[in-house]
Amino acid sequence: MSETLHSGIEFFSVELWREVFDYFNSNDLWYSFRDLNKRINEIIDQTMLHLDFAKHENYDYYMKNILPSINGANIRSLKLQNFNEIKHFFSIYSLNSLIQLRLLSLTFMNSFNDNSFQFWNQLSSLKYLQSLKIMFRGYSGCGYCIEEKEYIIRSIFNKDFCPLLRSFSIEACSRRSWKSTIPSLIPTTKATHMEYMSIDSLAFIDLIKLLPALQNIKSFRSDHELTYDNKQQQNMTIPMPLLCKCIRLHIHLSEDMTFEHIEYLLKHTPNLQDLCLRSWHHLLSANKWESILSVQCPKLLKLELICTGPIGDDYFHQASDNFQQECAIIPFWTERNVTITDDEDHSAPDYRSNIIIRFNIEKK
């Protein structure tokens, strides 16, 4: 019986073995099949690997039992979330040796403290990379983290690193980067393949420079602040909308952003369906929002508008009351079943309050 079973396995095609191996993660694959026979070892050696070190014990087991026998060129996806493990892994494999990599996720990183950016320059070798996520821990060497973040952005958008990239997420976790522009960022001229982008903070002038490269974007997110430097003049004319494929936009505006900036952005997104905008109380105007949204975002289905102001400020409370009164009589808002809530944040040092405006239109 065992001889018959052994003979049957021996005649499995390479394609069939690879289909079987697709059901196993790297650790289980090696533990279950490695060294059964020479032929299976050869197939495993050519199998594309997806490495996800979400658990610390997986990394230790992998380094001890699997690493010595694999070819780095077979790694298709790699997720690391501990800086000691990141340093250790790349002391064995250089980043530019992972030439078949499709996904790279490096989170809870510290800076490499290298102003020559030797490690990040290896991104130029990842010609097939489609998803890149980088999250720095800002408390350690945060100045270098910001510089590394800026270098990565310039490399992707100005030097054509990772030309097949579709998803890009980067965060420096430092307030020092919120108000700064990216030095030497050149305005882009051609579209990339990028469909999803998330960045912790970005200057308005830098976003304008990136817009031509984001023509395939479907979702754009900036969680901290999109900032405006009134010392730098920006061209606010729009010959044509550039983000026609964008259906989801989540951004946090700085206090110096105005309705003019908002209208400029939304003119680029005529097919927007989901808008989350965190702003400040000077933007509490139901009439102005109606005029912008009804014209620039006719397909909008979901809105979350958060306007922040200080608790106890008379101007803020009057603006909030006016907004609610206007919403009660303006068809644009009543037709969308708008809800307005007040969320006080006593944990902030200046005791802020958030006015949250929402509507949600079901798709027909």
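For the structure itself, look to the data block above.
Residues numbered from 1 in each chain as written. Predicted model: local features only at pLDDT ≥ 70, side-chain atom pairs only at ≥ 80, totals over all residues. Heavy atoms only, no water.

J.: I would appreciate a short explanation of the overall build of the protein in the present structure.
T.: Across its full length, the protein carries 13 helices and twelve strands. A buried classification covers 46% of the 364 residues belonging to the protein. Taken as a whole, the protein presents about 18,500 Å² of accessible surface, with 50% of it coming from carbon and sulfur. (Helix = DSSP H or I, 4+ residues; strand = E, 2+ residues; numbered from the N terminus. Buried < 20%, exposed > 50% of the residue type's maximum accessible area, 1.4 Å probe, protein only. Areas by Shrake-Rupley, 256 points an atom, 1.4 Å probe, with all protein chains shown as cover.)

J.: Explanation requested: the packing of helix α10 (residues 259–267) against helix α11 (residues 286–296) in the structure shown.
T.: For any two helices packed against each other, one specifies the crossing angle of their axes together with the interaxial distance. Axis separation between α10 and α11 bottoms out at 10 Å; the angle between their running directions is 15°. When the axis of α10 is compared with that of α11, the two are roughly parallel. Where α10 crosses over α11, the two elements pack in a sense that is right-handed. Facing α10, whose interface residues are F259, I262, E263, L266 and K267, α11 presents K288, W289, I292, L293 and Q296. Per-class residue counts for the contact of α10 with α11 are six nonpolar, one polar and three charged. (Axes fitted to C-alpha atoms, helices over the stretch in contact; angles between N-to-C directions. Parallel < 35°, antiparallel > 145°, perpendicular 65-115°, else oblique. Left-handed = near helix turned anticlockwise from the far one by under 90°. Contact = heavy atoms within 4.5 Å. Nonpolar A, V, L, I, M, F, W, Y, C, P; charged D, E, K, R; others polar.)

J.: Hey, could you run me through unusual backbone geometry in this one?
T.: A negative phi angle is the norm for most residues apart from glycine, just as the trans form is the norm for most peptide bonds. For C162, which is not glycine, the phi torsion reads 50° and is therefore positive. Relative to the helices and strands, C162 is located in the loop between α8 (142–158) and β5 (167–171). For C162, a relative accessible area of 3% gives the class buried. Of note, N337 is a non-glycine position whose phi angle comes to about 50°, a positive value. With respect to the helices and strands, N337 occurs in the loop between α13 (331–334) and β11 (339–345).

J.: Would you take a moment to explain the pattern of salt bridges for this structure?
T.: Any two side chains of opposite charge can pair, given that their charged atoms come close. Taken as a whole and assessed by the stated rule, the structure comprises seven salt bridges. Close ionic contact of K218 with E195 constitutes a salt bridge, the shortest N to O distance being 3.9 Å. Remark: E195 occurs in the loop between β5 and β6 (196–203) and K218 occurs in the loop between α9 (204–210) and β7 (219–227); sequence separation between them is 23 residues. On the accessibility criterion, K218 (33% relative accessible area) is partly exposed. Its relative accessible area of 18% is what places E195 among the buried residues. Taken together, the salt bridges that share partners define one network made up of R166, E195 and K218. (Salt bridge = Lys/Arg side-chain N within 4 Å of Asp/Glu carboxyl O.)

J.: How should I be thinking about α10 in this particular structure?
T.: Given 3.6 residues to a turn, an α-helix orients residues that are three or four positions apart in the same direction. Those residues of α10 lying buried are F259, H261, I262, Y264, L265 and L266. On its buried face, α10 sits against α9, β7, β8 (248–253), β9 (274–280) and α11.

J.: So what exactly am I meant to see when it comes to the packing of aromatic side chains here?
T.: The geometry of an aromatic ring pair is captured by two quantities: the separation of the ring centres and the angle between the planes. Evaluated as defined, the whole model comprises 17 aromatic pairs. Both rings, one in F119 and one in W120, keep their centres 4.9 Å apart while their planes meet at 80°; by these two values the pair is edge-to-face. Among the residues examined, F119 registers a relative accessible area of 10% and is labelled buried. By relative accessible area, W120 is classed as buried at 1%. With 5.0 Å between their ring centres and 90° between their planes, F332 and W333 make a pair best called edge-to-face. We classify W333 as buried; its relative accessible area is 0%. What links up through ring pairs into an aromatic cluster is the set F83, F89, F90, Y93, F112, F119, W120 and F136. Geometry around F359 places R336 over its ring, the cationic atom sitting 5.8 Å from the centre. (Phe/Tyr/Trp six-rings, centres within 6.5 Å; stacked < 30°, edge-to-face > 60°. Lys NZ or Arg CZ within 6 Å of the ring centre and 35° of its normal.)

J.: Just checking my understanding: could you explain the packing of α11 against helix α12 (residues 314–327) for this structure?
T.: Remark: α11 packs on α12, axes separated minimally by 8 Å, with the N-to-C direction vectors making an angle of 55°. Between α11 and α12, the angle falls in the class oblique. For the pair α11 and α12, the contacting residues are A286, N287 and W289 in the first and F323, E326 and C327 in the second. Here the residues of the contact of α11 with α12 are counted per class, giving four nonpolar, one polar and one charged.

J.: Sorry if this is basic, but what is going on with the pairing of β7 here?
T.: Consecutive side chains along a regular strand alternate between the two faces of the sheet. With seven bridges connecting them, β6 and β7 associate as parallel partners. By the bridge assignment for β7, A203 is matched with T227. Read from β6 through α9 to β7, the crossover connection turns out right-handed. Pairing analysis gives five bridges linking β7 to β8, with the strands arranged parallel. Among the inter-strand pairings, F220 is bridged to a residue of β8, identified as L249. (Pairing = 2+ DSSP bridges. Right-handed = clockwise from strand over helix to strand, strands pointing away.)

J.: Quick question: what am I supposed to make of the environment of S254 here?
T.: Residue position: S254 is located in the loop between β8 and α10. Counting along the chain gives 51 residues from S254 to A203, while the straight-line C-alpha distance between them is 9.6 Å. A distance of 2.3 Å separates a polar atom in the side chain of S254 from a polar atom in the side chain of D256. (Polar contact = N/O pair within 3.5 Å; in protein donor to acceptor, adjacent residues only side chain to side chain.)

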